[in-house]
Amino acid sequence: MGAPAQAAADAAFDRVAAELGYDFGGEIKIGGNYVPFVANGDEVYVSGQIPRVGDQVVVTGRAGAEVPLARAQLAAKVCAMRALALLRQAVGGDLGRVKKVLRITVFIRCTEAFTQQSEVADGASEVLYAVLGAAGVHTRTSVGVLQLPKGATVELDLVAAVE
Amino acid sequence: MGAPAQAAADAAFDRVAAELGYDFGGEIKIGGNYVPFVANGDEVYVSGQIPRVGDQVVVTGRAGAEVPLARAQLAAKVCAMRALALLRQAVGGDLGRVKKVLRITVFIRCTEAFTQQSEVADGASEVLYAVLGAAGVHTRTSVGVLQLPKGATVELDLVAAVE
Amino acid sequence: MGAPAQAAADAAFDRVAAELGYDFGGEIKIGGNYVPFVANGDEVYVSGQIPRVGDQVVVTGRAGAEVPLARAQLAAKVCAMRALALLRQAVGGDLGRVKKVLRITVFIRCTEAFTQQSEVADGASEVLYAVLGAAGVHTRTSVGVLQLPKGATVELDLVAAVE
């Protein structure tokens, strides 16, 4: 199985965005001397994404305390959608050109007692599969950390192979 | 020096497994919409591994508290063996086809006072060298984190170049 | 824009080193069965760097507590300079051969309340841009962690594309 056809992947992106109730269409702002993505050969690296929509980080706090599992999974989904939105920019607006997501690393801000990092990361994996199909099936590392930028609950980065 | 010959690397894998007293021969189960490894060009990415053998995570808890250094190093060795077992699957069962381990990232669950992350990661580095020889000499990043999936003491991921 | 000419990048490295007041010219020691960098194809992976100069880790402690923001940023700058010194070794002593820094991951040891991980990492991004120009503009992931090797405040690793 290859990646879904262009129309399929882009339509799936829009469908998942609608399900989440967020608009990922605007420009993703980034500060400083770094960029949202870099391409080299057939690889695209995407910077670490927190669950920001527009100017707001929509999920902050610690998984296992003020953030229940379902909401932490939502955070992971939003991070994945942001990464996909950037990946789409990197391939000229056509997600069908993503051959394979190679790696995602998912950092979860949590309490010391919280051990469901994998379950949180499943939110991101579901989104990647829902949008890209087989091309979205990836390797993954999930880690529980003390704190993340802006107090976000999740941060996710990604490397993908593209056509 | 290139990688050891196939027979040498595979025999070394079996020898290290016997020394650790664990069987890494069975299928490594993984849940959700992600996979244990992905190949792209000559690179293989391996998902984050915790020290699981069969259905059991054999080392859990915090380095620097209930887990002494030697046991945390054992956890790192088991993670490295799991990553090697997956890498072997990725190259068709022949570890001699691994050209170079490019990067390992080793996350160590620890107390706030524990600063021997590098010493823990040495366990993983030793295993990679014992099995792969010069091809197992890698770059490394070692980090102390608050928590890991299933309460594991160590999580390790890996990127390697293969023939 | 391509990378700055060789002389420009190497001179910029020396200038930033002088500004920081540290000498990055000596051999960077590393222990165990791993190495400071590995090249594969046009990619160079650099091991995680802490703010060590010679035999001393120059910034230790927690950002947000005993380490104020400016000093944590200094730690990030020193880490970036070490990574550049290693990258220079990897390309035969000529930083002008760095085509693009693909990814930096910046781990910041901090308090639970500290959320300026991105601001700390800006220190590293500034150094990469000051030395490499457009070739130094990268993707980035910034994470707040419980502890780092030797009690360092920052650890940074890097992947770059080279000629």
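For the structure, see preceding data.
Please read all numbers here as calculations on a predicted model, not as lab measurements.

Conventions used here
Residues numbered from 1 in each chain as written. Chains lettered and ligands numbered in written order. Predicted model: local features only at pLDDT ≥ 70, side-chain atom pairs only at ≥ 80, totals over all residues. Heavy atoms only, no water. Pairing = 2+ DSSP bridges. Helix = DSSP H or I, 4+ residues; strand = E, 2+ residues; numbered from the N terminus. Axes fitted to C-alpha atoms, helices over the stretch in contact; angles between N-to-C directions. Contact = heavy atoms within 4.5 Å. Disulfide = S-S within 2.5 Å. Buried < 20%, exposed > 50% of the residue type's maximum accessible area, 1.4 Å probe, protein only. Least-squares fit on C-alpha atoms with pLDDT ≥ 70 in both. Buried area = accessible area lost by both parts, 1.4 Å probe. Salt bridge = Lys/Arg side-chain N within 4 Å of Asp/Glu carboxyl O. Polar contact = N/O pair within 3.5 Å; in protein donor to acceptor, adjacent residues only side chain to side chain. Nonpolar A, V, L, I, M, F, W, Y, C, P; charged D, E, K, R; others polar.

It is not clear to me how the sheet that holds strand 5 (residues 98-109) of chain C should be interpreted in this structure. Could you clarify?
Paired through backbone hydrogen bonds, the strands of a sheet run either parallel or antiparallel to each other. All names here are of chain C. Spatial strand order, 1-2-7-5-6: five strands in an open sheet with mixed pairing. Since the sheet does not close on itself, it has two edges, and those belong to strand 1 (37-40) and strand 6 (139-145), each with one partner. Strand-to-strand, the axes of this sheet are offset by a mean angle of 15°, without reference to chain direction. Note that strand 5 and strand 6 share seven bridges and pair parallel. Looking at strand 6, one finds that Ile 104 is bridged to Arg 140. Strands in contact with helix 2 (residues 69-90) are strand 1, strand 2 (43-49), strand 5 and strand 7 (154-162); relative to strand 7, the strand with the most contacts, it is inclined by about 35°.

I keep staring at the state of the cysteines and nothing clicks. Help me out?
When the sulfur atoms of two cysteines share a covalent bond, that bond is a disulfide. All told, the structure shown has zero disulfides over all chains when counted by the stated rule. Cys 79 of chain A takes part in no disulfide bond, and the closest cysteine sulfur, belonging to Cys 110 of chain A, lies 14 Å away. Judged by its relative accessible area of 0%, Cys 79 of chain A falls in the buried class. Of all cysteine sulfurs, the one in Cys 110 of chain A lies closest to Cys 110 of chain C, which takes part in no disulfide; the gap is 13 Å.

It is not clear to me how the relation of the copies chain C and chain B should be interpreted in this structure. Could you clarify?
Taken together, a rotation about one axis and a shift along it account for how the two chain copies relate. With an RMSD of 0.0 Å, chain C superimposes on chain B once it is rotated by 120° and translated 0.0 Å along the axis. Both copies of the chain, as the preceding transformation shows, are related through a three-fold rotation axis.

Explain the interface of chain C and chain A to me, please; I cannot follow it from the model alone.
By a frequent convention, interface size equals the accessible area lost on bringing the separate parts together. Taken together, the contact pairs 33 residues of chain C with 25 residues of chain A. Roughly 2,200 Å² is buried in total at the junction of chain C and chain A, and carbon and sulfur atoms are behind 55% of that figure. At the surface where chain C touches chain A, the tally comes to three salt bridges. The closest approach of N and O atoms between Glu 112 of chain C and Arg 62 of chain A, which form a salt bridge, is 3.5 Å. Our enumeration of links across chain C and chain A arrives at 15 residue pairs in polar contact (both at pLDDT 80 or more). Contributing elements (two or more residues each) for the side of chain C that touches chain A: strand 2, strand 5, helix 3 (117-132), strand 6 and strand 7 of chain C. Among the elements that make up the side of chain C that touches chain A, the one with the highest residue count is strand 6 of chain C (seven residues). Looking at the side of chain C that touches chain A residue by residue, the classes come out as 14 nonpolar, 10 polar and nine charged.

On their own, these measurements won't tell you what the molecule is for.
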